[in-house]
Amino acid sequence: MSTLISQGARAITKFQVVDRINDIVWQAHQGSVAAIIQLLNEKLAKSGVRTRAIFSDGVLQLLCEAARIEQLEQSPLIEQIQQILDSIAPRHIRRVNINSRIVREQQLLWLKEIDSDRDNQLLWSHEITLIQPNIVKQLIKDFTEAQAELGKPNFPRTKVSRPLVLINKEKHKKPKKKILAVAGLCSLLLLSWVVYAQLGNKIKNLMQLETSKYLTTENTNDKKAQTPFRVPNNSLSELSDDPFAISVRIANLASASGKTATSSTQWLEIAAKWQRASDLMGTVPQKHSRYQEAKIRTQLYKKYSEAAQKEADKSKS
């Protein structure tokens, strides 16, 4: 009798431990920082590394502590943590910043302490990015877990073990409701997969189209900004109502052209620009704030036009 009691107790204890571990894995998968820390500590226990973590500003800040420096060797520890977290695939966590240091007394504000003096507080720090799980694989995994939930062992009741399996009796009392719940979950997952399959590509294409339009607009603006400003003589009056400003622009173009002109044709074009600038400056009304300056520039531009004409004549000869 004592042997039967011992075997039944061990079987139920094993079942409860497995159930609890599965619950922790599920919580870690849902993004529970406490569950993630527990799993990491279990996996890293042999290497003598203990972890603490805080989720801050979209990044999981992970602190690894050990008694000796060789236990915190960067490359193997980062690879091990990457594998563990990728297998957990915590929801809404993609970036993980791994910090390491020699173990210290418990500090509630350890992240603030580290940020204040990272060079002296840490041995090293490295950020990793977790692999985003494939949605189809995730659906299959969720479906498999749902099926495993139905397949949990239901221990046979005996006169000896009956009091020990009382807890499990409640879990399997109403299998029909559990089957309906799992069926509903599977239907929801299937619906999610169908929606993703139908709309996933359209959403991606729309995003790519918007990105392409944005880049095209940016490139066009850059080209416009890099293109030198050239004002045709015949359309200057359409660009601005201020003849003074137009005249100054033409004069600047004429001055720039005069620095590189060599042929008679080029000098004739420069002379025409100076004359055009002079004529426009002469149309500045008396009420203009720079009317007196315009009168001086009118005569000055005219002289520059005559000088350019002389240069053209010299080039001909």
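In this report, we go over the structure that sits alongside the text. Since this is a predicted model, take the numbers as computed values, not measurements. (Residues numbered from 1 in each chain as written. Predicted model: local features only at pLDDT ≥ 70, side-chain atom pairs only at ≥ 80, totals over all residues. Heavy atoms only, no water.)

1. Re the pattern of salt bridges
When charged atoms on two side chains of opposite charge get close, those side chains can pair.
Then, in step 1: For the structure on display, the rule yields seven salt bridges.
Then, in step 2: A salt bridge links Glu127 to Arg95, with the nearest nitrogen and oxygen atoms 2.9 Å apart. Residue Glu127 is located in strand S4 (residues 124–129), and its partner Arg95 is located in strand S3 (residues 95–102); the two are separated by 32 residues in the primary sequence.
Then, in step 3: You can call Glu127 partly exposed: its relative accessible area is 37%.
Then, in step 4: The residue Glu293 makes a salt bridge to Arg297 at a minimum N-O spacing of 2.9 Å. Here Arg297 and Glu293 lie together in helix H12 (residues 291–316), a separation of four residues that amounts to about one turn.
Then, in step 5: By relative accessible area, Glu293 is classed as partly exposed at 28%.
Then, in step 6: The network of salt bridges with common partners includes Arg52, Glu65 and Arg101. (Salt bridge = Lys/Arg side-chain N within 4 Å of Asp/Glu carboxyl O. Helix = DSSP H or I, 4+ residues; strand = E, 2+ residues; numbered from the N terminus. Buried < 20%, exposed > 50% of the residue type's maximum accessible area, 1.4 Å probe, protein only.)

2. Concerning the side chain of Ser264
Then, in step 1: Within the secondary structure layout, Ser264 lies in helix H11 (residues 264–281).
Then, in step 2: Residue class for Ser264 comes out buried when judged on its relative accessible area of 13%.
Then, in step 3: Within the local environment of Ser264, its side chain forms a polar contact with the backbone oxygen of Ala312, the two atoms lying 3.2 Å apart.
Then, in step 4: Once you skip the residues sitting within four places of it in the chain, Ser264 turns out to touch Ala312, Ser315 and Lys316. (Polar contact = N/O pair within 3.5 Å; in protein donor to acceptor, adjacent residues only side chain to side chain. Contact = heavy atoms within 4.5 Å.)

3. A look at the packing of aromatic side chains
Then, in step 1: By the definition in use, this model includes two aromatic pairs.
Then, in step 2: Between Trp274 and Tyr301, the aromatic rings sit 5.4 Å apart at their centres with planes inclined by 45°, giving tilted as the arrangement. Residue Trp274 is found in helix H11, and its partner Tyr301 is found in helix H12; the two are separated by 27 residues along the sequence.
Then, in step 3: Trp274 sits in the buried class, given a relative accessible area of 9%. (Phe/Tyr/Trp six-rings, centres within 6.5 Å; stacked < 30°, edge-to-face > 60°.)

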